[in-house]
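Residue-level listing of the chains:
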Amino acid sequence: RPRDVITLLNLAKAQNRNSTNFSPGVLRTVVLSYSNYFMGELKNELKGHIDDEDIDTVFRMLSRIGKRSFLYEEIAAYCTEHSYEKACKNPKQLLEEMFEFSIIGNGYFDQMTQSTRQRWAYKTPDVGLTSVDFDVSMHIHPGLLKALGL
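Computed from a predicted structure; not experimentally measured. (Residues numbered from 1 in each chain as written. Predicted model: local features only at pLDDT ≥ 70, side-chain atom pairs only at ≥ 80, totals over all residues. Heavy atoms only, no water.)

## Let's talk about the overall build of the protein
And then number 1: Helix and strand counts for the protein come out as six helices and four strands.
And then number 2: Ordered by position from N to C terminus, the α and β elements of the protein give α-α-α-α-β-α-α-β-β-β.
And then number 3: With the C-alpha coordinates of the protein rotated into their principal frame, the extents come out at 50 × 40 × 25 Å.
And then number 4: The 150 residues of the protein split such that 39% are buried.
And then number 5: Put simply, of all contacts in the protein between residues at least 6 apart along the chain, 56% involve residues at least 24 apart.
And then number 6: For the protein, the accessible surface area stands at approximately 8,800 Å², while carbon and sulfur atoms represent 52% of it.
And then number 7: Of the charged side chains in the protein, 18 are positive and 19 negative; the average position of the first set lies 9 Å away from that of the second. (Helix = DSSP H or I, 4+ residues; strand = E, 2+ residues; numbered from the N terminus. Buried < 20%, exposed > 50% of the residue type's maximum accessible area, 1.4 Å probe, protein only. Contact = heavy atoms within 4.5 Å. Areas by Shrake-Rupley, 256 points an atom, 1.4 Å probe, with all protein chains shown as cover. Lys, Arg positive; Asp, Glu negative; His and termini not counted. Charge placed at Lys NZ, Arg CZ, Asp CG, Glu CD.)

And the structure:
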């Protein structure tokens, strides 16, 4: 989103007040700050759709899985171990909500281009691809990785 790019640039500007331009190194210095900001924005978007307790569970779960990409079976195993957490009562619904808010996307192999691609709800709302595919890998949004410690 444009506002996210502006936020990233403003973070870089605030951290490097004496610079007249941004090098890739300057932008790398603010990645964690941006990632924390982005996670906060997603948490705010989730409010009213998901209980606050479940919001915390979502991000804790992704952090504890410890990988950028994962399979449904890994989420199901996490939820089996953490069955006391309300959000883990229905892991498929939890993943659907994470996909709907583009916290996660799907990975797939594109036969036409012979390359691995990713599918995100925010990029394909008009195509009807609004459900997560449980049979392929899932990927955490790159903007969240540093905030999750990945």
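## Considerations on the nonpolar core
And then number 1: Phe59, Leu95, Ile103 and Ile104 are the most contacted members of the largest nonpolar core, which totals 35 residues.
And then number 2: Counting only elements with at least two residues in this core, the list comes to helix 3 (31-46), helix 4 (52-65), helix 5 (72-81), helix 6 (91-100) and strand 4 (138-140).
And then number 3: With six residues, the single largest contributor to this core is helix 4.
And then number 4: For Phe59, the contacting residues outside a window of four places in its chain are Met39, Leu42, Lys43, Leu46, Ile103, Leu144 and Leu148. (Core = buried A, V, L, I, M, F, W, Y, C linked by side-chain atoms within 4.5 Å.)

## Side note on the environment of Lys92
And then number 1: Here Lys92 is to be found in helix 6.
And then number 2: Judged by relative accessible area, Lys92 falls into the partly exposed class, the value being 39%.
And then number 3: Considered as a pair, Lys92 and Phe22 are 70 residues apart in the sequence and their alpha carbons are 42 Å apart.
And then number 4: Each residue touching Lys92, except ones within four places of it in the same chain, is listed here: Tyr72 and Phe134.

## Observations concerning the packing of helix 4 against helix 5
And then number 1: Between helix 4 and helix 5, the shortest axis-to-axis distance is 11 Å and the interhelical angle comes to 115°. By the angle between their directions, the pair helix 4 and helix 5 is classed as roughly perpendicular. As for the relative orientation of helix 4 and helix 5, their crossing is right-handed in sense. Counting all contacts with helix 4, which are made through Arg60, Met61, Arg64 and Ile65, the residues of helix 5 involved are Glu74, Ile75, Tyr78 and Cys79.
And then number 2: Of the residues contributing to the contact of helix 4 with helix 5, the split by class is five nonpolar, no polar and three charged. (Axes fitted to C-alpha atoms, helices over the stretch in contact; angles between N-to-C directions. Parallel < 35°, antiparallel > 145°, perpendicular 65-115°, else oblique. Left-handed = near helix turned anticlockwise from the far one by under 90°. Nonpolar A, V, L, I, M, F, W, Y, C, P; charged D, E, K, R; others polar.)

## With respect to a nonpolar patch on the surface
And then number 1: A contiguous nonpolar surface patch, about 240 Å² in accessible area, is contributed by Val5, Leu9 and Phe22.
And then number 2: Positionally, Val5 belongs in helix 1 (residues 2-15). (Patch = residues over 30% accessible without salt bridge, like charges linked within 9 Å, V, L, I, M, F, W, Y side chains within 5 Å. Salt bridge = Lys/Arg side-chain N within 4 Å of Asp/Glu carboxyl O.)

## A short note on the packing of aromatic side chains
And then number 1: Taken as a whole and assessed by the stated rule, the structure comprises three aromatic pairs.
And then number 2: Taken together, a centroid distance of 5.5 Å and an interplanar angle of 70° make the contact between Tyr72 and Phe134 edge-to-face. Here the residue Tyr72 occupies a position in helix 5, and Phe134 occupies one in the loop between strand 3 (115-119) and strand 4, the gap between them amounting to 62 residues. Across the pair, exposure class does not vary: Tyr72 and Phe134 are buried alike.
And then number 3: Here a set of aromatic residues connected by ring pairs shows up, and it is made of Tyr34, Tyr37 and Phe38.
And then number 4: The ring of Tyr72 has Lys92 lying over it, and the distance from NZ or CZ to the ring centre is 5.3 Å. (Phe/Tyr/Trp six-rings, centres within 6.5 Å; stacked < 30°, edge-to-face > 60°. Lys NZ or Arg CZ within 6 Å of the ring centre and 35° of its normal.)

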